[in-house]
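If you want the building blocks of each chain, they are given just below.
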Amino acid sequence: GLPGISPATALVCTDKITQYNILREGGIPIPRTKNCSSQMEVKELGKEWGYPIVIKPTDLAGAKGIRKIRSQKEITQGIQYALASETKSKEFIIQECLRGSEHSIEAVVYKGKILVTGFSDRMYEYEKYDPFFVERGDILPTALKTNEYKKLAEVFRKAVKSIGIENGVAKA
């Protein structure tokens, strides 16, 4: 046997609802997130949180099915886009839309020891592809100051442990 993640951990990594609940319980800062299954639920969240909000399928990665909802008028279109992707679920999540820089961290995990192997600045063209999220690439090394990098890397390590990755690779 080649060491790797457990089946339970693999399920956590592919189910955003479970994943975000575990991260929240582990004290990891995440955007406000709610799983939904109806247009009415999304409408209420839009009123409560304000727009824009983000819709995501619960079981996909790589920005598949993700769309920004800028107003109540876009809710139906957003749900249709999320559920028309390769998702097997009829549920989706809604998140608050945050602004700021985005980064990617990669690591190898062996016997619980986390070795960060890459830290990059993600490049998105939000205005060009709005309301979709299209990553153009990454810049290595990061432009972050050392203390900022260290803070994010520590949050990443805490998240990897919360999710239960003991052996394998991790990316955020």
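One can find the structure itself at the top, above this paragraph.
Described in the following lines is the structure provided in the data block.

Calculation criteria
- Residues numbered from 1 in each chain as written.
- Predicted model: local features only at pLDDT ≥ 70, side-chain atom pairs only at ≥ 80, totals over all residues.
- Heavy atoms only, no water.
- Salt bridge = Lys/Arg side-chain N within 4 Å of Asp/Glu carboxyl O.
- Helix = DSSP H or I, 4+ residues; strand = E, 2+ residues; numbered from the N terminus.
- Buried < 20%, exposed > 50% of the residue type's maximum accessible area, 1.4 Å probe, protein only.
- Pairing = 2+ DSSP bridges.
- Axes fitted to C-alpha atoms, helices over the stretch in contact; angles between N-to-C directions.
- Contact = heavy atoms within 4.5 Å.
- Patch = residues over 30% accessible without salt bridge, like charges linked within 9 Å, V, L, I, M, F, W, Y side chains within 5 Å.
- Areas by Shrake-Rupley, 256 points an atom, 1.4 Å probe, with all protein chains shown as cover.

**Digging into the pattern of salt bridges**
Next, step 1: Counted according to the given criterion, the structure contains 8 salt bridges.
Next, step 2: Here lysine 68 and aspartate 130 are joined by a salt bridge, their closest N and O atoms 2.9 Å apart. Placement of the pair is lysine 68 in strand E3 (residues 67–69) and aspartate 130 in the loop between helix H5 (126–129) and strand E7 (135–139), with a sequence separation of 62 residues.
Next, step 3: Residue aspartate 130 is classed as partly exposed on the basis of its relative accessible area of 28%.
Next, step 4: A salt bridge links arginine 122 to glutamate 135; its shortest N-O distance comes to 3.9 Å.

**With respect to the sheet that holds strand E2 (residues 53–57)**
Next, step 1: A sheet is described by the order of its strands in space; here 4 strands give the open sequence E1-E4-E2-E3, paired in antiparallel fashion. Looking at the sheet topology across the chains shown, the edges are occupied by strand E1 (33–36) and E3. On average, adjacent strands in this sheet sit at an angle of 30° to one another, irrespective of strand direction.
Next, step 2: Two elements, E2 and E3, share 3 bridges in a ladder whose sense is antiparallel. Directly across from valine 54, in E3, lies its bridge partner lysine 68.
Next, step 3: Strand contacts of helix H3 (residues 39–49): E1, E2, E3 and strand E4 (92–96), with the helix running at about 160° to E1, the strand carrying the most contacts.

**A short note on a nonpolar patch on the surface**
Next, step 1: Side chains of Tyr81, Tyr129, Phe132 and Val134 sit close together on the surface and give an oily, nonpolar patch of about 300 Å² of accessible area.
Next, step 2: Within the fold, tyrosine 81 resides in helix H4 (residues 75–84).

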